[in-house]
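Residues per chain, in single letters:
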Amino acid sequence: MTPRDLPALTISELQPLLRRREVSPREVLEALHARIDEVDPRLGAYLSVNRDTSFAAADAADGTLPLGGIPIAIKDNINVAGESCTCASRILENYRAPYDATVITKLRRAGAVPFGKTNLDEFAMGSSTENSSAGPTRNPWDLTRVAGGSSGGSAAAVAADLAVGALGSDTGGSVRQPAALSGIVGLKPTYGLVSRFGVTAFASSLDQVGPLTKDVRDAALLLNAIAGADPQDSTSLPGPVPDFTEHLGRDIRGLRIGIVKEHALQGIDAQVKAALEQATNHFHSLGAELVEVSLPHTEYAVAVYYVLATAEASANLARFDGVRYGQRAANPQNLLDHYERTRAEGFGREVKRRIILGTYVLSSGYYDAYYLRAQQVRELIRRDFTRAFEQVDVLLSPTTPAPAWKIGDHEADPLQVYLADIFTVPANLTGICGISVPCGFAEENGTRLPIGLQLLANTRDEQRLLQVAHAYEQTTDWHRLRPPSLAAS
Ligand code: GLN
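What counts, and at which threshold
- Residues numbered from 1 in each chain as written.
- Predicted model: local features only at pLDDT ≥ 70, side-chain atom pairs only at ≥ 80, totals over all residues.
- Heavy atoms only, no water.
- Helix = DSSP H or I, 4+ residues; strand = E, 2+ residues; numbered from the N terminus.
- Rg over C-alpha atoms; globule rule 2.2 N^0.38 Å.
- Buried < 20%, exposed > 50% of the residue type's maximum accessible area, 1.4 Å probe, protein only.
- Contact = heavy atoms within 4.5 Å.
- Areas by Shrake-Rupley, 256 points an atom, 1.4 Å probe, with all protein chains shown as cover.
- Lys, Arg positive; Asp, Glu negative; His and termini not counted.
- Charge placed at Lys NZ, Arg CZ, Asp CG, Glu CD.
- Patch = residues over 30% accessible without salt bridge, like charges linked within 9 Å, V, L, I, M, F, W, Y side chains within 5 Å.
- Salt bridge = Lys/Arg side-chain N within 4 Å of Asp/Glu carboxyl O.
- Polar contact = N/O pair within 3.5 Å; in protein donor to acceptor, adjacent residues only side chain to side chain.
- Pairing = 2+ DSSP bridges.
- Axes fitted to C-alpha atoms, helices over the stretch in contact; angles between N-to-C directions.
- Phe/Tyr/Trp six-rings, centres within 6.5 Å; stacked < 30°, edge-to-face > 60°.
- Lys NZ or Arg CZ within 6 Å of the ring centre and 35° of its normal.
- Near = heavy atom within 4 Å.
- Nonpolar A, V, L, I, M, F, W, Y, C, P; charged D, E, K, R; others polar.

**Q** An account of the overall build of the chain is requested, with residue identities and associated values reported.
**A** In terms of helices and strands, the chain carries 15 helices and 13 strands. For 489 residues, the compact-globule estimate of 2.2 N^0.38 gives 23 Å, and the chain sits close to it at 21 Å. On the principal axes, the C-alpha backbone points of the chain span a range of 65 × 55 × 50 Å. A burial count over the chain gives 60% of its 489 residues as buried. In the chain, the proportion of contacts linking residues at least 24 apart, taken out of those at least 6 apart, comes to 77%. Approximately 18,700 Å² of the chain is accessible, and the part contributed by carbon and sulfur atoms is 51%. Side chains of the chain give 47 positive and 56 negative charges; the mean places of these two sets differ by 2 Å.

Given below as structure tokens:
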């Protein structure tokens, strides 16, 4: 094995090498830095990589710990002490995090080395990283296309071997969707399983941190490190956390997999549909029982999500006013002028659109018609899922209705982008867990574009979710295929 091979290894492949000291944490990090230097100028996955602090952490890493010496890339809306945390927004351009988010503390405690902050849609609002103040992340499979979003930088970094694993955040699909479009694994844990302390809030009733990895076992390993109750986050779930690798390798004979009747009515790309059918047959051949279930309110999920997420965002983003942190407008005439110009200059178009929409649905006269109504429909969606999980163990669907689009294609039509969240937002609205796993490719003019399947399981049923995802992955080859060479040109 040469240093050039190291970045392509999974966490579970690196672990024994580090433990036996066949490679050092510094060597792994050096290999990643070399590849980042070579490839990232064309990809745009990273917003910042602090070499000094990460090398110091690598040298100090304890190889006997579960993730000892494993470098992990971090979405740039998660605070890492001393590093910048821009949320890909001009308003936080010069902001440095004064403390570690709990997920970072936990990663360090497991021996991992948080290094490098990855690109995202501004404040995690979007599905393509095109809403980043730093410009889009490109898809490693086709550099003219988006890598998905909002955790597009984390997804592209893992897919292109610029990271061994990464953390992202998922408010409406932002871990699962970029994982699907980039051909890797993305897991959204149950709401409250992972602390959000130190993660910049977008929509607090929906936000959850999750891993993006090269395979399912690595997702379980990262979840082991970051899950658990946190007194700093009152929404975090109490109780012990199991070993999420425990059920990996168990067969899935007799498990019931739900196919959602209403999904047949959604406009799904023909190649995505074909990949899903193939995956469905595959689950059948593994001995799973396929059961048709109904989620009658699923068609309202996108509308409900965009009312609630924008309402919560408008409140959460009120703090960015240039007083305590972030950019400030120059020479304000008075306080109001200061607020108005700071926010007008600091936020991008999509963030402004959402603050305006969210303020509108919360305003008197419209609150009942939009916000309250959306809360009520959210409850109906939750009941649909409760009923479904009385009949099945997991639900199967595509992660996205179509593969990655060309950069710039949807610029003029944000609604098209919102509608593509149809399969991912229900997990956030209901708090259940979900995972995206590679399940094939679409072919467009000779380029292969990854397709992801999504599995959903009930709250706190991650072990089963990972078991089913792992059973599929280990009997297919999709996750082993790498993007065409991204060697220096
Ligand atoms: N695409 C969704 C949105 O734009 C989800 C974003 C997310 O999960 N952070 O809101």
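**Q** Break down a nonpolar patch on the surface for me, citing the residues and quoting the values.
**A** Residues Tyr-360, Tyr-366 and Tyr-370 make up a contiguous nonpolar surface patch of about 280 Å² in total accessible area. In this fold, Tyr-360 is placed in helix α11 (residues 349-362). Take Tyr-360: its relative accessible area is 37%, and that puts it in the partly exposed class.

**Q** Tell me about the side chain of Thr-118, residues and numbers included.
**A** Mapped onto the secondary structure, Thr-118 falls in strand β3 (residues 113-118). Using a relative accessible area of 0% as the deciding quantity, one classes Thr-118 as buried. A distance of 2.8 Å separates the side chain of Thr-118 from the side chain of Ser-154, its partner in a polar contact. Dropping the residues within four chain positions of it, Thr-118 is found in contact with Ala-45, Tyr-46, Leu-47, Ala-73, Ile-74, Lys-75, Asp-76, Gly-153 and Ser-154.

**Q** Hey, could you go over the sheet that holds strand β7 (residues 185-188) for me, with residue numbers and the actual values?
**A** In spatial order, the strands read β1-β3-β2-β6-β8-β7-β12-β13-β11-β9-β10; together these 11 strands make up an open sheet with mixed pairing. Each of the sheet's edge strands pairs with one partner strand only, and the pair in question is β1 (46-48) and β10 (289-293). Strand-to-strand twist across the sheet, computed as the mean angle between neighbouring axes with direction ignored, equals 35°. Of the strands in this sheet, β2 (71-75), β6 (165-169), β7, β8 (209-213) and β12 (433-444) touch helix α7 (residues 216-226), which is tilted by about 145° from β8.

**Q** I'd like a rundown of α7, residues and numbers included.
**A** Owing to its 3.6 residues per turn, the α-helix brings residues three or four apart onto one side. Summarising burial for α7: nine of the 11 residues are buried, a large majority. Every buried residue belonging to α7 is among Val-216, Asp-218, Ala-219, Ala-220, Leu-221, Leu-222, Leu-223, Ala-225 and Ile-226, and all of these are buried. Of the residues one or two after α7, Gly-228 is the one with positive phi, at around 130°.

**Q** Summarise helix α5 (residues 152-159); cite the residues concerned and give the values.
**A** Counting buried positions along α5 gives eight out of eight residues, so the element sits mostly inside the fold. Every buried residue belonging to α5 is among Gly-152, Gly-153, Ser-154, Ala-155, Ala-156, Ala-157, Val-158 and Ala-159, and all of these are buried. Following α5 by one or two positions, Asp-161 has its phi on the positive side, about 60°.

**Q** Explain the packing of aromatic side chains to me, using residue names and the numbers behind them.
**A** Here the structure, examined in full by the defined rule, presents 14 aromatic pairs. In this structure an aromatic cluster arises from ring pairing among Phe-123, Phe-320 and Phe-347. In this structure, Arg-448 packs its charged tip against the face of Phe-441, placed 4.4 Å from the ring centre.

**Q** Pulling in residues and values, what's your account of the environment of Pro-71?
**A** Within the secondary structure, Pro-71 is located in strand β2. Spatially, the C-alpha atoms of Pro-71 and Thr-102 are 17 Å apart, while their sequence positions differ by 31 residues.

**Q** Quick rundown of the site of the ligand? Include the residues and the values.
**A** Taken together, 15 residues lie around the ligand, and Thr-171, Gly-172, Ser-174, Tyr-305 and Arg-354 are the ones closest in. The contact in question runs from an oxygen atom of the ligand to an N or O atom on the backbone of Gly-172, over 2.6 Å. For the ligand, a nitrogen atom lies 3.0 Å from a polar atom in the side chain of Asp-421. Starting from 290 Å² of accessible surface for the ligand in isolation, the protein chains cover 99%. Within the shell around the ligand, the residues separate by chemical class into five nonpolar, seven polar and three charged.

**Q** Talk me through unusual backbone geometry; I want residue IDs and the actual numbers.
**A** Look at the link from Gly-149 to Ser-150: it is a cis peptide, with omega at 10°. Mapped onto the fold, Ser-150 is located in the loop between β5 (142-146) and α5. The backbone of Asp-161 shows a phi angle near 60°, a positive value even though the residue is not glycine. Within the secondary structure layout, Asp-161 lies in the loop between α5 and β6.

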